[in-house]
Every structure is written in C-alpha cells, then in structure tokens.
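Tertiary structure, described
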Amino acid sequence: MKISAQCVASFHYTLKNDDGETIDSSEGHEPLGYLHGASNIVPGLEKELEGKSIGDKLSVVVPPAEGYGELDENLKQDLPKSMFSGVENIEAGMEFHAQTEHGQQVVMVTKVEGETVTVDGNHPLAGKNLHFEIEITDVREASAEELDHGHVHGPGGHDH
C-alpha cells in the first residue's frame with residue numbers, strides 16, 4: 001500500500017537544522033504515526049511522503065513556507081514587565097500563553113531589559129529549513145474513527 005489521502009502512515013525520522021544539528025528524532029521511540037491529508041504534519045513533508053511505501057527511505061528538505069512558515073516580525077513585541085503580574089523572575093526562554101485576536105497563542109520571552117520584556121509568537125522553527133531523514137515503517141487504511149477524529153489512534157498516535 002502506498003501513502004495516500006485518508007491512510008495512516010508511520011515513520012522514523014531525524015530532523016536537523018541547516019547546520020546539521022539534530023532538533024528532534026524518533027530514535028529510541030515508536031515511529032510517528034499520522035493521518036495523511038489531515039494536516040497532522042508540516043505540509044512540505046506530507047507532500048514528499050505521498051506515494052511512498054513501507055521500507056522507503058528518503059531525505060527531505062522542507063523550506064519555511066512549507067514548514068512552520070516565514071518569520072513574522074509582527075509577532076515580536078516589547079511589553080512592560082507589569083503585564084506579567086505574579087511572575088517574579090522573567091527570563092529569556094520562558095513561554096507564556098497570550099490571548100490574541102486569533103485566539104490563544106504561545107509566546108516565548110527572547111529578551112528582558114530593565115522593565116521591558118520582548119516576546120516572540122513565531123513557532124521556534126519558523127523561518128528555518130527542516131532537514132528530515134525518513135524511513136517509512138507502516139502504511140494502512142485509517143479507521144472510521146480516525147477519519148472522524150482527524151488523527152491516528154493507538155501506537156505512534158493519540159489514545160483517548
């Protein structure tokens with residue numbers, strides 16, 4: 001069976017940045033399972049997996065536009081420290097949930113200078129090329145429940 005819309009595919013992966021540093025990997029874990037065509041993984045990777053079969057190995061470079069998007073400078077903002085009431089020590093790298101006009105969004109503190117806190121609402125991998133090494137481990141038909149829920153159930157997927 002080949003990977004196509006409404007099937008479940010599982011794969012082992014290693015994700016690296018442009019410098020060859022490993023960002024994430026399934027090594028030592030179960031393969032990642034996803035429902036093809038349901039936007040469970042970045043669009044550029046999903047596109048490259050279309051038509052692949054069990055045992056296929058591939059190297060894929062996903063550009064920002066087909067990954068986590070380009071960096072959006074409008075998602076970076078300087079805020080007064082007073083907006084973080086109840087938090088004593090604000091440091092770079094901390095994440096907060098912010099209510100925006102587009103709903104709740106995670107923002108990361110990138111800098112603290114005096115009474116000013118700089119936050120960034122971009123995904124940490126926005127603006128970056130994603131270098132994947134992939135090995136397809138399973139391809140099967142999705143269950144009616146998986147199709148209804150829009151994601152994989154069971155190993156490598158979601159249990160509920």
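In what follows, the structure referred to is the one given above.
Summary of the structure given here. (Residues numbered from 1 in each chain as written. Predicted model: local features only at pLDDT ≥ 70, side-chain atom pairs only at ≥ 80, totals over all residues. Heavy atoms only, no water.)

Under the defined criterion, the tally for this structure stands at three salt bridges. The partner of E146 in a salt bridge is R140, and the shortest N-O contact between them spans 2.8 Å. (Salt bridge = Lys/Arg side-chain N within 4 Å of Asp/Glu carboxyl O.)

Read from one edge to the other, the open sheet built from four strands follows the order β5-β8-β7-β6, with strand pairing classed as antiparallel. In this open sheet, the two edge strands, each paired with only one partner strand, are β5 (76–80) and β6 (95–100). Along the sheet, successive strands turn relative to each other by an average axial angle of 40°, direction set aside. Relative to strand β7 (residues 103–113), β6 is paired through six bridges, and the arrangement is antiparallel. If you follow H97 over to β7, its bridge partner there is V106. (Pairing = 2+ DSSP bridges. Helix = DSSP H or I, 4+ residues; strand = E, 2+ residues; numbered from the N terminus. Axes fitted to C-alpha atoms, helices over the stretch in contact; angles between N-to-C directions.)

So, about the packing of aromatic side chains. Taken as a whole, this structure holds three aromatic pairs when the rule is applied. Their ring planes at 75° and their centres at 5.8 Å tell us that F11 and Y34 sit as a pair that is edge-to-face. Of the two residues, F11 sits in strand β1 (residues 7–16) while Y34 sits in strand β3 (residues 32–35), which places them 23 residues apart along the sequence. Judged by relative accessible area, F11 falls into the buried class, the value being 1%. Three or more aromatic residues joined by ring pairs form one cluster here, namely F11, Y13 and Y34. (Phe/Tyr/Trp six-rings, centres within 6.5 Å; stacked < 30°, edge-to-face > 60°. Buried < 20%, exposed > 50% of the residue type's maximum accessible area, 1.4 Å probe, protein only.)

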